[in-house]
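Structural features, examined
Spelled out, the chains give:
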Amino acid sequence: MSTNKNHGFATRQIHAGTQKASNGPLCAPIYQTSTFRFDTVEQGGARFAGEEQGYIYTRLGNPTQLLVEEKLASLENGEAALATASGMGAISSALWTALRAGDEIVADDTLYGCTYALFNHGLTRFDVKTNFVDMSDPARIEKYLTPKTKVVYFETPCNPTLKIINIEEVSRIAHAYNPEIIVMVDNTFCSPYLQRPLDLGADVVLHSATKYLNGHGDVIAGVVVSNQAFISECRMFGLKDMTGAVLSPFDAFLLARGLKTLDIRMERHSNNAEKIAAFLKEHPSVATVYYPGFEDFPNHAVAKKQMQRFGGMIAVELKADRQKTAACLNKLQLCAIAVSLGDAETLVEHPATMTHSTYTAEELKGAGISEGLIRISAGLENPEDIIADLKEVLDLLV
Ligand code: 4LM
């Protein structure tokens, strides 16, 4: 590795994990190979037995994946990281590693829709029960911790309501009950530039690297970051045997390229979201704006403490009914109507019918996701152009 822990964030996002390669390329080559040659049969056997270091097969490791893994381990201040084929691949690989039949999870009640479905419909098939609880007050988890609890799981800010959860407090309470509990935090909405859950007491950080980490809307990827023991088990069991959710070398290359500009992009996303949120708050068609940067937003003080900036995500409720709201959004010219987030383009979506359609109407209500909620991922365009596009359609509703 051509960087060390004392280097700053920007230096590490660019240089961490870079290995010397033949012919001296500035950018890491793409090791587009499924398998690796052994010099001898004995060497192959020794590698499988773990007696000799070296590559075997890309489902177990690949130098281009390693580049991404070393960058993320460094940026999240973790010992090690594992790259996966998607955010869901990271989440499921980590959970398969941590859980056995009969175990329990305590999870926040507001999660990305497919994560919620995995807990609510997927893991239940294997006798793993999840207790959902609103963690905005961390003390609420106490009631649900039992000797069977193996994992405490949450996102902050949550998708899509941007609810803020105190990472330090939840980790402290969970570990005080049982130090063996694995506290997992999905850090997708922040990226390590804005928030580093391991520094605050969490045990595992998960990412949909599809989002801010890659940042260009052209890759599906995920990452698990933790201590070396957990990542080794996750690689050799959760990923290798259970999910097989392996990141392709080409996508690993694109992700490593995206990471080189992470800090600059997060600053711009945060600046743009701040301006868009301020505009929305004053617009007469708007009922409520959800944005952690507002001083009156619940747990704003926690957000201020655990996040460097408030990020690029905003949610909004309009005064108009759902039909009128949809008709208005259909007229957007610059902003794209699309799920996903963290891309250069500003994206607008409707959680109740899109990203969170895995929730029943009652569950949506319980999680505070209203029928009319619209989620905005502020892109990297000039903020005045995004605002002008939004203004043009919102003015139609006045
Ligand atoms: C979306 N989200 O919200 P992959 N964790 C969080 C997420 O937001 C997502 C994933 C994991 C959206 C996708 C359509 C907090 C995804 C899952 O999509 O598997 O990389 O990540 O719009």
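Presented here is an overview of the structure given in this document. For clarity, every value in this text was computed on a predicted model and none was experimentally measured.

What counts and what doesn't
Residues numbered from 1 in each chain as written. Predicted model: local features only at pLDDT ≥ 70, side-chain atom pairs only at ≥ 80, totals over all residues. Heavy atoms only, no water. Helix = DSSP H or I, 4+ residues; strand = E, 2+ residues; numbered from the N terminus. Buried < 20%, exposed > 50% of the residue type's maximum accessible area, 1.4 Å probe, protein only. Polar contact = N/O pair within 3.5 Å; in protein donor to acceptor, adjacent residues only side chain to side chain. Contact = heavy atoms within 4.5 Å. Near = heavy atom within 4 Å. Areas by Shrake-Rupley, 256 points an atom, 1.4 Å probe, with all protein chains shown as cover. Salt bridge = Lys/Arg side-chain N within 4 Å of Asp/Glu carboxyl O. Pairing = 2+ DSSP bridges. Axes fitted to C-alpha atoms, helices over the stretch in contact; angles between N-to-C directions. Core = buried A, V, L, I, M, F, W, Y, C linked by side-chain atoms within 4.5 Å. Patch = residues over 30% accessible without salt bridge, like charges linked within 9 Å, V, L, I, M, F, W, Y side chains within 5 Å. Left-handed = near helix turned anticlockwise from the far one by under 90°. Nonpolar A, V, L, I, M, F, W, Y, C, P; charged D, E, K, R; others polar. Right-handed = clockwise from strand over helix to strand, strands pointing away. Parallel < 35°, antiparallel > 145°, perpendicular 65-115°, else oblique.

**Some thoughts on the side chain of Thr-188**
Following the sequence through the fold, Thr-188 ends up in the loop between β5 (182-186) and α7 (191-194). In this structure Thr-188 comes out as buried when scored by relative accessible area, which is 8%. For Thr-188, the side chain forms a polar contact with the side chain of Asp-186, separated by 2.5 Å. Those residues in contact with Thr-188 that lie beyond four places of it in its chain are Leu-206, His-207, Ser-208, Lys-211, Tyr-212 and Leu-341.

**Observations regarding the site of the ligand**
Close contacts around the ligand come from 18 residues, with Asp-186, Ser-208, Thr-210, Ser-340 and Arg-375 the closest. In the environment of the ligand, a nitrogen atom lies 2.6 Å from a nitrogen or oxygen atom belonging to the side chain of Asp-186. One nitrogen or oxygen atom from the side chain of Ser-208 is found 2.8 Å from an oxygen atom belonging to the ligand. Bound to the protein, the ligand loses 91% of the 500 Å² it would expose on its own.

**Overview of the pattern of salt bridges**
The tally for this structure, following the rule as stated, stands at 17 salt bridges. Across the pair Glu-169 and Arg-172 runs a salt bridge whose closest N-O atoms are separated by 3.0 Å. On the criterion of helical spacing, the pair formed by Glu-169 and Arg-172 is a turn pair, its members being 3 residues apart in helix α6 (residues 167-177). Look at Glu-169 and you get partly exposed, because its relative accessible area is 27%. Note on Arg-172: relative accessible area 48%, which makes it partly exposed. Here Asp-199 makes a salt bridge to Arg-196, at a shortest N to O gap of 3.6 Å.

**A closer look at the sheet that holds strand β1 (residues 80-84)**
Sheet strands line up and pair through hydrogen bonds in the backbone, either parallel or antiparallel. Spatially, 7 strands are ordered β1-β7-β6-β5-β4-β2-β3 in an open sheet, and the strand pairing comes out mixed. Among the strands making up the open sheet, the edge pair consists of β1 and β3 (129-133). If you compare each strand with its neighbour and ignore which way they point, the axes differ by 20 degrees on average. Both strand β2 (residues 104-108) and β3 contribute to a ladder of 5 bridges, which runs parallel. In the strand pairing of β3, Asp-108 is matched with Val-133. Strands β1, β2, β4 (149-155), β5, β6 (204-208) and β7 (222-226) of the sheet are contacted by helix α4 (residues 87-98), whose axis makes an angle of about 150 degrees with β6. The sheet strands contacting helix α5 (residues 113-122) are β2, β3 and β4, and the helix crosses β3 at an angle near 130 degrees.

**Topic: the sheet that holds strand β12 (residues 373-377)**
Strand order in the open sheet formed by 5 strands is β8-β9-β12-β11-β10, and the pairing between neighbours is mixed. Sheet topology places β8 (286-290) and β10 (336-337) at the edges, where each strand pairs with a single neighbour. Those strands touched by helix α10 (residues 262-282) are β8, β9 (313-318) and β12, and its axis lies near 15 degrees from that of β9.

**Overview of the nonpolar core**
Of all hydrophobic cores here, the largest spans 99 residues; its most connected members are Leu-95, Ile-105, Tyr-153, Met-184, Val-224 and Leu-280. Those residues in contact with Val-224 that lie beyond four places of it in its chain are Ala-80, Ala-81, Leu-82, Ala-90, Ala-94, Val-204, Val-205, Leu-206, Phe-230, Ile-231 and Cys-234. Within the second largest apolar cluster, 18 residues are counted, among which are Val-152, Ile-181, Val-183 and Ala-202.

**Thoughts on a nonpolar patch on the surface**
Nonpolar side chains collect at one region of the surface, where Ile-337, Val-339 and Met-354 lie side by side and expose about 240 Å² of accessible area between them. Examined against the element boundaries, Val-339 turns out to sit in the loop between β10 and β11 (347-349). Judged by relative accessible area, Val-339 falls into the partly exposed class, the value being 41%.

**A closer look at the packing of helix α3 (residues 63-75) against helix α9 (residues 249-259)**
A pair of packed helices can be characterised by two numbers: the angle between their axes and the separation between those axes. Closest axis-to-axis distance for the α3/α9 pair is 8 Å, and the angle between their directions is 35 degrees. Like other packed secondary-structure pairs, α3 and α9 cross with a definite hand, here left-handed. For the pair α3 and α9, the contacting residues are Thr-64, Gln-65, Leu-67, Val-68, Lys-71 and Leu-72 in the first and Pro-249, Ala-252, Phe-253, Leu-255, Ala-256 and Leu-259 in the second. Per-class residue counts for the contact of α3 with α9 are 9 nonpolar, 2 polar and 1 charged.

**Regarding the pairing of β4**
Looking along a regular strand, one sees the side chains alternate between the two faces of the sheet. Among the 7 residues of β4, 6 are classified as buried, and the element is accordingly described as predominantly covered. By the bridge criterion, 4 bridges tie β2 to β4 in an arrangement that is parallel. If you follow Glu-104 over to β4, its bridge partner there is Thr-149. Sheet analysis places β4 next to β5, joined by 5 bridges and oriented parallel. From the neighbouring strand, Val-152 faces β5, where its bridge partner is Val-183. In this fold, β4 hands off to α6, which returns the chain to β5; that crossover is right-handed.

**Some details on the packing of α10 against helix α14 (residues 383-394)**
For the pair α10 and α14, the least separation of the axes is 10 Å and the interaxial angle reads 25 degrees. Here α10 is positioned roughly parallel relative to α14, judged by the angle of their axes. Here the hand of the crossing between α10 and α14 comes out right-handed. For the pair α10 and α14, contact is made by Asn-272, Lys-275, Ile-276, Phe-279 and Leu-280 and by Pro-383, Ile-386, Ile-387, Leu-390, Lys-391 and Leu-394, respectively. Among the residues making up the contact of α10 with α14, the classes are represented as 8 nonpolar, 1 polar and 2 charged.

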